[in-house]
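# Summary of the model geometry
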Amino acid sequence: MVQEDTRAFAQTLRIELLRGLRDVGQGHLGGAMSVMDLLAVLYGGEMKIDPQNPGWDGRDYFVLSKGHAGPALYTALAVKGYFPLDWLKTINSNGTRLPSHCDRTKTPGVDMSAGSLGQGFSAAVGIAHGLKVQGKDNYVYTVVGDGECNEGQVWEAALYAPSHRLNHLIAFVDKNGKQLDGPTDDVLVLGDLRQKFEDFGWFALDVDGHDTDAIRAAIARGKQQTDKPTMIILHTVKGKGCSFVEHELNNHHARFTAAQADEAIAALEKGGC
Ligand SMILES: Cc1ncc(C[n+]2csc(CCOP(=O)(O)OP(=O)(O)O)c2C)c(N)n1
């Protein structure tokens, strides 16, 4: 997909998520919207996938470790045809196959359950190691939140992956600067994440997380690594592109009216972001 198409795809994902949640009236929209451009790159052509056969052995794997952003992933999966778009209207409702946090036993295309922060990243590292031991060349992609980086488990996995030279692991930190209860640095100071991961033995780089070309170029550089995993620090805006979320101070979880959703959809349809 060329840059223009990927941008349009990201807008489509934002719009379809809002259409899905319009009548639900709530959700973790902040952290969902901040990873949409990344998902547009991954599901817009970067990953090897087969929506008709989610368990295909040759696929690349994706683990959304910040599992509360599940609705963003569900939107990408629905738009790609893993399941009908209408399912998005059931997000987090009784009996749904799309719970607010990712559950691999419920949703076609979800490779790993997540929600207890820190665990998904470890699982992604484990999947990448398992594939490497079997001599397979699938890539494993995973996203952790910057707030999630407060978890000790993240740093155990960060030590493990370079130790085992997991060069087919491409990870991202969604560095939107906020977590559940405020700015990340008010909770624990993270410092220079790129430097930290580099010190742990990763190939690491900083990228504008809303520039789809830059994300793709960073992934290409990661794929050139022959003996280390890649960590791409995505500089993002929490709630990006969603008018009633992006500009709110506390925007981890949003409650909203159908009229607000319609207004945000209209702005996105006009090309606003
Ligand atoms: C082990 C664990 N501790 C606490 C929580 C509660 N919790 C849910 S989301 C969240 C903040 C996550 O922030 P971040 O990773 O930056 O996500 P984003 O801002 O991108 O949505 C917290 C603390 C949790 N899900 N798991």
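See the structure shown above.
Our subject in this report is the structure included herewith.

Rules behind the numbers
Residues numbered from 1 in each chain as written. Predicted model: local features only at pLDDT ≥ 70, side-chain atom pairs only at ≥ 80, totals over all residues. Heavy atoms only, no water. Helix = DSSP H or I, 4+ residues; strand = E, 2+ residues; numbered from the N terminus. Expected span 1.5 Å × (residues − 1). Buried < 20%, exposed > 50% of the residue type's maximum accessible area, 1.4 Å probe, protein only. Salt bridge = Lys/Arg side-chain N within 4 Å of Asp/Glu carboxyl O. Near = heavy atom within 4 Å. Polar contact = N/O pair within 3.5 Å; in protein donor to acceptor, adjacent residues only side chain to side chain. Areas by Shrake-Rupley, 256 points an atom, 1.4 Å probe, with all protein chains shown as cover. 1 Å grid on protein atoms, 1.4 Å probe; cavity = no way out; pocket = protein on both sides within 12 Å on 5 of 7 lines; lining within 4 Å. Sits in = over half its atoms within 2 Å of the grid points. Points joined across faces, edges and corners; volume = space filled by probe spheres on them. Nonpolar A, V, L, I, M, F, W, Y, C, P; charged D, E, K, R; others polar. Pairing = 2+ DSSP bridges. Axes fitted to C-alpha atoms, helices over the stretch in contact; angles between N-to-C directions.

Turning our eyes to something else, we now look at helix α5 (residues 119–133). Taking 1.5 Å as the rise per residue, α5 with 15 residues should run 21 Å; its terminal C-alpha atoms sit 21 Å apart, in good agreement. Every buried residue of α5 is accounted for by G120, F121, A123, A124, V125, I127, A128, H129 and L131. Of the residues one or two after α5, G135 is the one with positive phi, at around 75°.

With that out of the way, let us pick up the pattern of salt bridges. Evaluated as defined, the whole model comprises 13 salt bridges. With a shortest N-O distance of 2.8 Å, E46 and K223 are connected by a salt bridge. Of this pair, E46 sits in helix α3 (residues 36–46) while K223 is found in helix α9 (residues 212–223), placing the two residues 177 residues apart along the sequence.

A few words on the site of the ligand. Surveying the vicinity of the ligand reveals 18 residues, the closest of which are K66, H68, D146, G147 and K238. Interatomic distance of 3.0 Å between a side-chain N/O atom of N176 and an oxygen atom of the ligand. One of the side-chain nitrogen or oxygen atoms of K238 is found 2.6 Å away from an oxygen atom of the ligand. Compared with its free state, where it exposes 600 Å², the ligand has 78% of that area covered by protein. Applying the majority rule of atoms within 2 Å of the grid points places the ligand in the largest pocket.

Let us now look at empty space enclosed by the protein. Counted according to the given criterion, the structure contains two cavities of 30 Å³ or more. Its boundaries defined by the atoms lining it, the largest cavity holds a volume of some 40 Å³. Taken together, Y43, M47, I49, P54, R59, D60, Y82, G109 and D111 make up the full set of residues lining the largest cavity. For the lining of the largest cavity, the class distribution of residues is five nonpolar, one polar and three charged. The computed volume of the second largest cavity comes to approximately 40 Å³. Grouping the constituent residues of the lining of the second largest cavity by class yields two nonpolar, five polar and two charged.

The subject of this paragraph is the sheet that holds strand β8 (residues 230–235). Two modes of strand pairing occur in sheets, parallel and antiparallel, and in both the strands are linked by backbone hydrogen bonds. The five strands lie next to each other as β2-β3-β4-β8-β7, forming an open sheet whose pairing is parallel. On the outer flanks of this sheet lie β2 (61–64) and β7 (203–208), each paired with one strand and no other. Strand after strand, the sheet turns through a mean of 20° between neighbouring axes, direction not considered. In this structure, β2 lies alongside strand β3 (residues 140–145), joined through four bridges in parallel fashion. From the neighbouring strand, F62 faces β3, where its bridge partner is Y141.

None of this, on its own, says anything about what the molecule does.
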